[in-house]
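Residue strings, one per chain:
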Amino acid sequence: MTKISPSILSADFTRLGADIDAVSTADYLHFDVMDGVFVPNISIGIPVLQSVRKYTSMPLDVHLMIDRPERYVETFADAGADLVVFHLEATGCPDTCIEKIHGAGKKAGIAIKPKTPAEALLPYLPRLDLALVMTVEPGFGGQKFMADMLPKLRLLRQAITEQRLACELEVDGGVNPETARLCVENGADVLVAGSDVFKAPDRAARIAQLRG
């Protein structure tokens, strides 16, 4: 079954607890961290993550869009992340990041931006719990889905299947019922959805719809 990870970047932070409750039927809760350096925006960090961790038992899928994530992966793990995902383009030492995350007892993931080829992820797949393909440019919510990223999903799905790896394949960006179907058909098994879920009148129904 396809897993859904609503991004709280699209939630109403004046009523964050209620918004989290409204998506509690999802599989993960996606937590976007932006530093204004790696991406041209600033979002949320450690204090909010600690608060969210106290509030919910949902698995927290923490997406670090930050420069030199090796400085902070352990801090985010300790703050309550269940899965820590960093960008391959943001670090010169991805192996160190993976080791630090696993050393903290958490799952590790690597994300790639649209201009990064899927082949760049292949050497790391055997050590990853999740590979994330961005289908928009990271940094802002509500962007249009980039369908030309679908071949990346097919390539990574083939590699994961052929090597019999326990690595989930996640998509983030422009996910809605139509694009969700395309992603799943091309190999994705985890879908990040922000505005599409949080703007829906019935969020549980939209999550069920995205699952297919």
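Check the entry above for the structure.
What comes next is a walk through the structure. All figures in this text were calculated on a predicted structure; none of them were measured in a lab. (Residues numbered from 1 in each chain as written. Predicted model: local features only at pLDDT ≥ 70, side-chain atom pairs only at ≥ 80, totals over all residues. Heavy atoms only, no water.)

## As for the overall build of the protein
Looking only at helices and strands, one finds 8 helices and 8 strands in the protein. A compact globule built from 212 residues would reach a C-alpha radius of gyration of about 17 Å, and the protein, at 16 Å, matches this within 12%. If you line up the protein on its principal axes, its C-alpha atoms span 40 × 35 × 30 Å. Relative to its 212 residues, the protein shows a buried fraction of 52%. Of all intrachain contacts in the protein linking residues separated by at least 6 positions in sequence, the fraction that spans at least 24 positions is 62%. For the protein, the computed accessible surface area is about 9,100 Å², with 51% contributed by carbon and sulfur atoms. Counting 22 positive and 28 negative side-chain charges, the protein places the centres of these two groups 1 Å from one another. (Helix = DSSP H or I, 4+ residues; strand = E, 2+ residues; numbered from the N terminus. Rg over C-alpha atoms; globule rule 2.2 N^0.38 Å. Buried < 20%, exposed > 50% of the residue type's maximum accessible area, 1.4 Å probe, protein only. Contact = heavy atoms within 4.5 Å. Areas by Shrake-Rupley, 256 points an atom, 1.4 Å probe, with all protein chains shown as cover. Lys, Arg positive; Asp, Glu negative; His and termini not counted. Charge placed at Lys NZ, Arg CZ, Asp CG, Glu CD.)

## Notes on the pairing of strand E8 (residues 190-193)
Alternating positions in E8 separate into two faces, Val-190 and Val-192 on one and Leu-191 and Ala-193 on the other, with burial throughout. Two elements, strand E1 (residues 3-6) and E8, share 4 bridges in a ladder whose sense is parallel. Note that in E8 the partner of Ser-5 across the bridge is Val-192. By the bridge criterion, 3 bridges tie strand E7 (residues 168-172) to E8 in an arrangement that is parallel. Directly across from Val-171, in E8, lies its bridge partner Leu-191. Each parallel crossover has a hand, and the one from E7 via helix H6 (residues 177-185) to E8 is right-handed. (Pairing = 2+ DSSP bridges. Right-handed = clockwise from strand over helix to strand, strands pointing away.)

## Structural notes on the pairing of strand E3 (residues 60-65)
A large share of E3 lies buried, amounting to 6 of its 6 residues. Burial along E3 is two-sided: the face carrying Leu-60, Val-62 and Leu-64 and the face carrying Asp-61, His-63 and Met-65 are both buried. Strand direction decides the pairing type here: strand E2 (residues 29-34) and E3, joined by 6 bridges, are parallel. Note that in E3 the partner of His-30 across the bridge is Asp-61. Chirality of the crossover, the property in question, places the unit of E2, helix H2 (residues 46-55) and E3 among those that are right-handed. Bridge count for E3 against strand E4 (residues 83-87) is 4 bridges, and the pairing is parallel. Of the residues in E4, the one forming a bridge with His-63 is Val-85.

## Here's the deal with H6
Turning to H6, its buried residues are Thr-179, Ala-180 and Cys-183. Each buried residue of H6 lies within a common arc of 105° when the element is viewed along its axis, so the set occupies one face. Along H6, the residues that are exposed and aim more than 90 degrees away from the buried face are Glu-178 and Glu-185. Residues of H6 that are buried make contact with helix H5 (150-162), E7, E8 and helix H8 (203-211). Near the N-terminus of H6, the side chain that reaches the backbone nitrogen of Glu-178, with its oxygen 2.9 Å away, is that of Asn-176. Phi turns positive, to about 120°, at Gly-187, one or two residues after H6. (Arc of directions from axis to C-beta. Polar contact = N/O pair within 3.5 Å; in protein donor to acceptor, adjacent residues only side chain to side chain.)

## A look at the packing of aromatic side chains
Enumeration according to the criterion identifies 0 aromatic pairs in this entry. Directly above the ring of Phe-38 sits Lys-113, whose terminal nitrogen or CZ lies 5.0 Å from the centroid. (Phe/Tyr/Trp six-rings, centres within 6.5 Å; stacked < 30°, edge-to-face > 60°. Lys NZ or Arg CZ within 6 Å of the ring centre and 35° of its normal.)

## Section: the sheet that holds E3
As summarised here, the arrangement of the 8 strands in space is E1-E8-E7-E6-E5-E4-E3-E2, forming an open sheet in which the pairing is parallel. If you trace the sheet from one side to the other, it starts and ends with E1 and E2, each paired once. Going from strand to strand, the sheet's axes swing by 25° on average, the running direction of each strand aside. Packing against the sheet, helix H4 (residues 94-103) makes contact with E4 and strand E5 (107-112), and its axis sits at approximately 150° to E5. The sheet contacts of H8 involve E1 and E8, and relative to E1 the element is tilted by about 135°. (Axes fitted to C-alpha atoms, helices over the stretch in contact; angles between N-to-C directions.)

## Some points on the side chain of Asp-172
Assignment of secondary structure puts Asp-172 in strand E7. Among buried charged residues, Asp-172 stands out as having no salt bridge; its nearest opposite-charge side chain is Lys-152, 13 Å away. Beyond its immediate chain neighbours, meaning those up to four positions away, Asp-172 contacts His-30, Asp-32, His-63, Leu-132, Val-133, Met-134, Thr-135, Val-136 and Val-192. (Salt bridge = Lys/Arg side-chain N within 4 Å of Asp/Glu carboxyl O.)

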